[in-house]
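Here are the chains, one letter per residue:
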Amino acid sequence: MNRRKILLLAATAVLVAALYMIWGVNFSTSRFALYSLEIRLPRLLSMVVVAFAIGTASIVFQSIINNTLVTPCLLGMNSLYTLLHTAVIFLAGSRSLLATNKVVAFILDAALMGVTATIIYSHLFKRTGYNVLYVLLIGTLLTSLFSSIQNTLTRIMDPTEYDNLIVTLVASFNNGSGVVLAAASGLLAAIILLLRRDIAVLDVIALGRAQAMNLGVDYDRVIKRLLLGVVLAITVATALAGPLSFMGLIVANLARQLMGTYRHKYLLTASFLFAVILLAGSQLAIEQVFSYTVPVSVFITLAGGVYFLYLIMRQQKRS
């Protein structure tokens, strides 16, 4: 049954992706059609990479903390990206190579976020004894801290630089050049390769600390590696496309509701496919209906807010 659901989701994802690639393309002129496809293909590949990173990281994070109403964005990752990106523009300028070159900008954002997040959250996880409730609480405080510093920088920034900064802080899939996509895919592949054994025991981890340890899992060490893996995966996705706060909440919970199982091989795949459908569908609407007047984050934030209220009301009825 679950395999049929996965096949149906995969078919839907392929259909939505195909619609995004061909909708509105004038195939009567081969040159124009080829030009349109060359523009859309890197965007679609960027969506797939971001969907994989956020979709899988959200499922892993929810299973670790045993709560389906939270996502990795509660750790303050989006605010950290905004702060670091603002600091780069503030110090180097919006016309510098660090800001205008897509490859350099991605490598710099990924490196800064990866190193900073690893240092901060490794220390945070260690000091709290990997207590996820404390981690989430401190993550909320870090979000406020990062936002406050970022707001201070924007207040003293040159108005022209500020206008250029705002454009780059909006989630977009226009930065997906071949080198950037290769780097992002390589980083995600390295994360999966290093954590493949820990991911394999997620079904046991989801049972709780006591049960997992009784079944022979080195719980603290596995949790440490998985949390850092989640942080790095979100780092890659955010550096590639920008902040997409509610996306993880939507796709992870849709996957859990549809699959109705604890088996993570199905949950991870379903979450990824839902993310592809959501991103490709939203981008299609933005380009063909709204003519680029609204960013993709508007659709995801609106849908995520409504869905979050639905989940809360649903849990209250159950209780």
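Calculation notes
- Residues numbered from 1 in each chain as written.
- Predicted model: local features only at pLDDT ≥ 70, side-chain atom pairs only at ≥ 80, totals over all residues.
- Heavy atoms only, no water.
- Helix = DSSP H or I, 4+ residues; strand = E, 2+ residues; numbered from the N terminus.
- Rg over C-alpha atoms; globule rule 2.2 N^0.38 Å.
- Buried < 20%, exposed > 50% of the residue type's maximum accessible area, 1.4 Å probe, protein only.
- Contact = heavy atoms within 4.5 Å.
- Areas by Shrake-Rupley, 256 points an atom, 1.4 Å probe, with all protein chains shown as cover.
- Lys, Arg positive; Asp, Glu negative; His and termini not counted.
- Charge placed at Lys NZ, Arg CZ, Asp CG, Glu CD.
- Axes fitted to C-alpha atoms, helices over the stretch in contact; angles between N-to-C directions.
- Parallel < 35°, antiparallel > 145°, perpendicular 65-115°, else oblique.
- Left-handed = near helix turned anticlockwise from the far one by under 90°.
- Expected span 1.5 Å × (residues − 1).
- Patch = residues over 30% accessible without salt bridge, like charges linked within 9 Å, V, L, I, M, F, W, Y side chains within 5 Å.
- Salt bridge = Lys/Arg side-chain N within 4 Å of Asp/Glu carboxyl O.
- pLDDT = per-residue confidence, 0-100.
- Phe/Tyr/Trp six-rings, centres within 6.5 Å; stacked < 30°, edge-to-face > 60°.
- Lys NZ or Arg CZ within 6 Å of the ring centre and 35° of its normal.
- Core = buried A, V, L, I, M, F, W, Y, C linked by side-chain atoms within 4.5 Å.
- Nonpolar A, V, L, I, M, F, W, Y, C, P; charged D, E, K, R; others polar.

1. Observations concerning the overall build of the protein
What the protein contains, in helices and strands, is 14 helices and 0 strands. Listing the helices and strands of the protein from first to last along the sequence gives α-α-α-α-α-α-α-α-α-α-α-α-α-α. The C-alpha radius of gyration computed for the protein amounts to 20 Å, which stays within 12% of the reference 20 Å derived for 319 residues, consistent with globular compactness. A principal-axis box enclosing the C-alpha atoms of the protein has dimensions of 65 × 50 × 40 Å. When burial is assessed residue by residue, the protein has 45% of its 319 residues classed as buried. Of all intrachain contacts in the protein linking residues separated by at least 6 positions in sequence, the fraction that spans at least 24 positions is 77%. Taken as a whole, the protein presents about 16100 Å² of accessible surface, with 65% of it coming from carbon and sulfur. The positive charge centre, built from 23 side chains, and the negative charge centre, built from 10, are 13 Å apart in the protein.

2. Structural notes on the packing of helix α1 (residues 2-22) against helix α13 (residues 264-288)
It is the contact of α1 with α13, at a shortest axis distance of 9 Å, that shows an interaxial angle of 20°. Comparing their axes, α13 and α1 come out roughly parallel. In this structure, the crossing between α1 and α13 has a hand that is left-handed. Here Asn2, Arg3, Ile6, Leu9, Ala10, Thr12, Ala13, Val16, Ala17, Leu19 and Tyr20 of α1 lie close against α13, whose contacting residues are Tyr266, Thr269, Ala270, Leu273, Phe274, Val276, Ile277, Ala280, Gly281, Gln283, Leu284 and Glu287.

3. Topic: the side chain of Ser282
By the element assignment, Ser282 lies in helix α13. The class of Ser282 is buried, set by a relative accessible area of 7%. Contacts of Ser282, omitting those with residues within four sequence positions, involve Val296 and Phe299.

4. A few points about helix α2 (residues 30-65)
A rise of 1.5 Å per residue sets the reference length of α2, with its 36 residues, at 52 Å; its end C-alpha atoms lie 52 Å apart and thus fit the reference within 8%. Following α2 by one or two positions, Asn66 has its phi on the positive side, about 60°.

5. Concerning a nonpolar patch on the surface
A cluster of nonpolar residues, Phe90, Leu91 and Ile156, forms a patch on the protein surface that exposes about 330 Å² of accessible area. The topology assignment puts Leu91 in helix α3 (residues 77-92).

6. Considerations on the environment of Ile312
By the secondary structure assignment, Ile312 is in helix α14 (residues 296-318). Residues Ile312 and Leu69, 243 residues apart in the sequence, show an inter-C-alpha distance of 8.1 Å.

7. As for the confidence of the model for the protein
Taken residue by residue, the protein gives an average pLDDT of 84. The fraction at 70 or more is 97%. Mean pLDDT per element in the protein: α14 is the minimum at 77, and α1 is the maximum at 92.

8. Let's talk about the packing of aromatic side chains
Enumeration over the complete set of coordinates arrives at 2 aromatic pairs. Measuring from centroid to centroid gives 5.8 Å for Phe52 and Phe272, while their planes differ by 80°, and the two rings are edge-to-face. Here the residue Phe52 occupies a position in helix α2, and Phe272 occupies one in helix α13, the gap between them amounting to 220 residues. Ring geometry for Tyr307 versus Tyr310: centroids 5.9 Å apart, planes at 20°, classification stacked. One end of the pair is Tyr307 and the other is Tyr310, both in helix α14 and 3 residues apart, which spans about a single turn. Here the guanidinium or amino end of Arg40 rests over the ring plane of Tyr20, the centre of that ring lying 5.9 Å away.

9. Points about the nonpolar core
Nonpolar side chains tend toward joint burial in soluble globular proteins. If you look at the biggest cluster of nonpolar residues, it comprises 96 residues, and the most contacted ones within it are Val50, Tyr121, Leu244, Met247 and Leu279. Per element, the largest residue contribution to this core is 15 residues, and it comes from helix α11 (residues 219-241). The contacts of Val50, once residues within four sequence positions are left out, are Gly55, Phe173, Ala237, Leu240, Ala241, Leu244, Met247 and Leu279.

10. Quick notes on the packing of helix α5 (residues 102-127) against helix α8 (residues 178-200)
One way to put it is that α5 packs onto α8 with a least axis distance of 8 Å and a crossing angle of 20°. Between α5 and α8, the angle falls in the class roughly parallel. Seen along the crossing, α5 lies across α8 with a hand that is right-handed. Contact with α5, carried on its side by Lys102, Val103 and Phe106, involves Val179, Val180, Ala183 and Ala184 of α8 and no other residues of that element. By residue class, the composition of the contact of α5 with α8 is 6 nonpolar, no polar and 1 charged.

11. Considerations on the environment of Ala200
Tracing the backbone shows Ala200 in helix α8. Separated by 136 residues in sequence, Ala200 and Ile64 have C-alpha atoms that sit 13 Å apart.

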